[in-house]
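These are the residues of each chain, in order.
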Amino acid sequence: MVLKSHMQDSAFEKGNILKLTFIYLNFPFWRAEVSRIALFLAGIKFENKIVLSDEFQRVKADGRLDDGTVIPHHQLPCLIVDGHPIVQTGAIARYCGKLSGLYPKNNDLLAAQIDQVLDLATDITVLVSTSGRIDNNQEKIRKRKALSNGELGRKLDILEKNIKPNCSWITGDSMGLEDIAIWRLMGWLSSETLEGIPATILTSRPKIQRVCQNVDANPKIQQWIQLTYQKDYNRGNYR
Ligand SMILES: N[C@@H](CCC(=O)N[C@@H](CS)C(=O)NCC(=O)O)C(=O)O
């Protein structure tokens, strides 16, 4: 793996092996992928534990897996580090990023630049997820169409504006946590799994498309896809 040139402070030292269990649902959403892929890129072993729908309902209610593992905020993802649970996407991503060398330990400016993209990914996720709670299907589709032409479109334009022209990556000179997060978030948005959000949502956003294409073309990312994604999984439309 090529580390960002200014990230030679990787916390991962062979011989200092942690027991890591990553807990998430059975689809490759960015909230999980950003951290799992960081670990994978660095060759850090972890157990990939999948929680199915019934058990997830119990996690939401009780804050525990069926085996008793505590899920502190009753939400996933959750990472167990030597028996200590960590939750919240950003916290887990920063932790895994530090272990893997994809998040700096002594460059506060770069850390904030990565954080701001992860936080924007969260804003976009929350914006879109609220539409999923609408029971009436027609109303849900109407809401999502309105979002695509309105606030979601606006957020995507803001992301587009903040990616430099002629750069392969959002921050710095190599693929980072922020690129992986945006690749999977955009893959979800443009995959047509969210009825009402069109597959063409990225068409007029070439810089976002370019970042997604670059992540998707990375050989280690392709290896991860082969290892963990269902065959022909729709990774979205960014071409
Ligand atoms: N703020 C949390 C939100 C995580 C989240 O909403 N996860 C969903 C699954 S993708 C969940 O657990 N939802 C159940 C709930 O919020 O009660 C984070 O950043 O990780």
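Quantities reported herein were computed from a predicted structural model and do not represent experimental measurements.

Colleague: Explain the overall build of the protein chain residue by residue, including any values.
Modeller: Counting its regular elements, the protein chain contains nine helices and four strands. Along the chain direction, N to C, the helices and strands of the protein chain fall in the order β-α-β-α-β-β-α-α-α-α-α-α-α. Its C-alpha atoms give the protein chain a radius of gyration of 18 Å, near enough to 18 Å, the size a compact globule of 239 residues would have. Expressed along its principal axes, the backbone C-alpha trace of the protein chain runs to roughly 55 × 45 × 35 Å. When the 239 residues of the protein chain are sorted by exposure, 34% land in the buried category. Counting only contacts in the protein chain whose residues sit at least 6 apart along the sequence, the fraction spanning at least 24 positions is 71%.

Colleague: Quick one: what's the story with the site of the ligand, residue by residue and with numbers?
Modeller: Around the ligand, the structure places Phe29, Arg31, Lys60, His74, Gln75, Leu76, Gln88, Thr89 and Thr122. Residue composition of the shell around the ligand, grouped by class: two nonpolar, five polar and two charged.

Colleague: Tell me about the pairing of strand β1 (residues 20–24), and please be specific about residues and values.
Modeller: Of all five residues making up β1, four are buried, and the element is well covered by its neighbours. Bridge analysis of β1 against strand β3 (residues 78–81) gives four bridges, and the strand direction is antiparallel. The residue of β3 that forms the bridge with Thr21 is Ile80. As defined by bridge partners, β1 adjoins strand β2 (residues 47–50) across four bridges and the pair is classed as parallel. Bridging from a neighbouring strand, Thr21 pairs with Glu47 of β2.

Colleague: Hey, could you go over the nonpolar core for me, with residue numbers and the actual values?
Modeller: Grouped together as the largest cluster of nonpolar side chains are 56 residues, with contacts concentrated most on Leu177, Ala181, Ile182, Leu185 and Met186. Those elements that place two or more of their residues in this core are β1, α1 (30–41), β3, α3 (89–100), α4 (108–129), α6 (151–161), α7 (177–189) and α8 (206–217). Taken together, domain 1 (20–100) and domain 2 (108–218) each give at least three residues to this core, which thus spans both. If sequence neighbours within four positions are ignored, Leu185 has contacts with Trp30, Ala121, Ile124 and Thr125.

Colleague: Quick one: what's the story with the domain arrangement of the protein chain, residue by residue and with numbers?
Modeller: If you check the domain split of the protein chain, you get domain 1 (20–100) and domain 2 (108–218). With centres defined by C-alpha atoms, the gap from domain 1 to domain 2 works out at 22 Å. Listed per partner, the contact involves 11 residues of domain 1 and 11 residues of domain 2. When residues of the side of domain 1 that touches domain 2 are traced back to their parent elements, those giving at least two are α1 and α3.

Colleague: How would you sum up the packing of helix α5 (residues 137–149) against α6? Please name residues and give values.
Modeller: It is at 3 Å that the axes of α5 and α6 come closest, and there the two elements cross at 35 degrees. The way α5 lies across α6 gives a crossing that is right-handed. On α6, the residues touching Leu147, Ser148 and Asn149 of α5 are Glu151, Leu152 and Gly153. Of the residues contributing to the contact of α5 with α6, the split by class is two nonpolar, three polar and one charged.

Parameters at a glance
- Residues numbered from 1 in each chain as written.
- Predicted model: local features only at pLDDT ≥ 70, side-chain atom pairs only at ≥ 80, totals over all residues.
- Helix = DSSP H or I, 4+ residues; strand = E, 2+ residues; numbered from the N terminus.
- Rg over C-alpha atoms; globule rule 2.2 N^0.38 Å.
- Buried ≥ 20, exposed ≤ 12 C-beta atoms within 10 Å, placed from the backbone.
- Contact = placed C-beta atoms within 7 Å.
- Near = placed C-beta within 6 Å.
- Nonpolar A, V, L, I, M, F, W, Y, C, P; charged D, E, K, R; others polar.
- Pairing = 2+ DSSP bridges.
- Core = buried A, V, L, I, M, F, W, Y, C linked by C-beta atoms within 7 Å.
- Domains from an automatic or database assignment.
- Axes fitted to C-alpha atoms, helices over the stretch in contact; angles between N-to-C directions.
- Left-handed = near helix turned anticlockwise from the far one by under 90°.

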